[in-house]
Amino acid sequence: AGVPNAGVVRVFGESGGVWSEDTGRTIGNPAGAQANAYFGTAIVSESGNADNAALYIGAPGAGVVGQGQVSYVVWSPTGNYQEVLLDPSQLIAGDRYGGALALRFGHLVVGAAGTDVTRDAIRHVDAGSAYVLQDGRGQNAVRVEPGAPVLNGWFGNSVAMGMALIESRPRS
C-alpha cells in the first residue's frame, strides 16, 4: 500500500458551501516516494487564489536520513505545477529542515529542530535552529540559533512570523 510515511498533499476547494478534493492537484514528494520523508508535515500558502496558488511544503524526514527539504509549488491557470527544493547546503542527517514553516511579506522561516549547535566549544545535539529565507526562494538564507542552546532543545520546532520571528521550544 505504498511507501510508509512518504506523505502527500491534497488540495480542496469550496464551491457553494461544499468542500471537495481537487483530484488534479494532489502533490507527492518531488524527491520520489521516500519512506519516512513526512512530506506535508508543514504547509504555508503564499497566495489564496485557487488558479494562481503557491505553497511551501515541508518534508523534515526527506533526504539523507532526516536532513529535510522544502518544496515550492506554483500552479498556473492550467493547473500545472512545478517544484523547487529549498535546502541550505550546510544541512546534515537528522536536521529535520522543513518541520515548521511561516511566511510573511516574502520572508520564509523554516524550522530545523534537529540541528546541532556548537557554542563555546560545546556541541548541543538537537538544540535546533531556524532559517530565514529573505526572498522565500532559498537565496540569502540566514540561520538563526537559540541564544542559550540546550541539549534536545528543538529550537525551531514551531515558528511564526509577525513583526518578529517567533519560535517555541517544547523540550526546554
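Provided above is the structure to which this section pertains.
Since this is a predicted model, take the numbers as computed values, not measurements. Numbering of residues starts from 1 in every chain and runs along the sequence as written. Where local features are concerned, this predicted model is filtered to residues with pLDDT of at least 70; where side-chain atom pairs are given and counted, the filter is 80 or more; whole-chain, interface and lining totals use all residues. Note: side-chain values were computed over all heavy atoms of the structure, leaving out hydrogens and water.

A.B. asks: Tell me about the overall build of the chain, residues and numbers included.
C.D. replies: The helix and strand inventory of the chain stands at 0 helices and 16 strands. In this scheme, a residue with accessible area under 20% of its type's maximum is buried, one over 50% is exposed, and one in between is partly exposed, where area comes from a 1.4 Å probe on protein chains only. Across the 172 residues of the chain, 38% fall into the buried class. Counted over contacts in the chain with a minimum sequence separation of 6, partners at least 24 positions apart contribute 47%. Approximately 8700 Å² of the chain is accessible, and the part contributed by carbon and sulfur atoms is 53%. Only DSSP runs of H or I covering at least 4 residues are called helices, and only runs of E covering at least 2 are called strands; the numbering of each starts at the N terminus. Every residue pair with non-hydrogen atoms within 4.5 Å of one another is taken to be in contact. Only the protein chains shown count as cover for residues, and all accessible areas are computed by the Shrake-Rupley method using a 1.4 Å probe.

A.B. asks: Got a sec to walk through the sheet that holds strand S14 (residues 141-144)? Specific residues and values, please.
C.D. replies: Spatially, the 4 strands line up as an open sheet ordered S9-S10-S13-S14, and their pairing is antiparallel. Of all strands in the sheet, those bounded by a partner on one side alone are strand S9 (97-104) and S14. Between one strand axis and the next, the sheet turns by 25° as a mean value, whatever way the strands run. Only strands joined by at least two bridges in the DSSP assignment are considered to pair. Relative to strand S13 (residues 129-133), strand S10 (residues 107-112) runs antiparallel, the two sharing 5 bridges. Within the sheet, the bridge partner assigned to Val109 lies in S13 and is Val132. Here the axes come from fitting lines to C-alpha atoms, over the contacting stretch only for helices, and the angles between their N-to-C directions go from 0 to 180 degrees.

A.B. asks: I'd love a proper account of the pattern of salt bridges, names of residues and values included.
C.D. replies: Any Lys or Arg side-chain nitrogen found within 4 Å of a carboxyl oxygen on Asp or Glu counts as a salt bridge. Scanning the entire structure with this criterion turns up 3 salt bridges. Of the charged contacts, one joins Arg119 and Glu145 as a salt bridge, the two residues approaching to 3.1 Å between their closest N and O atoms. On the criterion of sequence distance, the pair formed by Arg119 in strand S11 (residues 117-119) and Glu145 in the loop between S14 and strand S15 (158-161) is long-range, its members being 26 residues apart. With a relative accessible area of 27%, Arg119 lands in the partly exposed category. You can call Glu145 partly exposed: its relative accessible area is 31%.

A.B. asks: Residues and numbers for the packing of aromatic side chains, please.
C.D. replies: Side-chain rings of Phe, Tyr and Trp, where Trp is taken by its six-membered ring, are said to pair if the distance between their centres is within 6.5 Å; with planes under 30 degrees apart they count as stacked, over 60 as edge-to-face, and otherwise as tilted. Using the criterion set out here, one finds 2 aromatic pairs in the structure. Centroid distance Tyr56 to Tyr72: 4.8 Å. Interplanar angle 35°. Geometry classified as tilted. Highlighted residues: Tyr56 in strand S6 (residues 54-59) and Tyr72 in strand S7 (residues 69-75), separated in sequence by 16 residues. Accessibility expressed as a relative area gives 0% for Tyr56, which makes it buried. Its relative accessible area of 8% is what places Tyr72 among the buried residues. Where Tyr97 meets Tyr131, the ring centres are 5.5 Å apart and the plane angle is 75°; that geometry is what we call edge-to-face. Note that Tyr97 is positioned in strand S9 and Tyr131 in strand S13, a separation of 34 residues in sequence. Among the residues examined, Tyr97 registers a relative accessible area of 0% and is labelled buried.

A.B. asks: Residue-level account of the nonpolar core, with values.
C.D. replies: Within the largest apolar cluster, 15 residues are counted, with the highest numbers of intra-cluster contacts made by Tyr56, Tyr97, Leu101 and Leu108. Secondary structure elements with two or more residues in this core: strand S5 (42-47), S6, S7, S9, S10 and S13. Here the element with the most residues in this core is S10; it accounts for 3 residues. Joining through side-chain atoms within 4.5 Å is the link that ties buried Ala, Val, Leu, Ile, Met, Phe, Trp, Tyr and Cys residues into a set, and such a set is a nonpolar core. Ranked by size, the runner-up nonpolar core spans 12 residues in total, among them Ile27, Phe39, Leu55 and Ala59.

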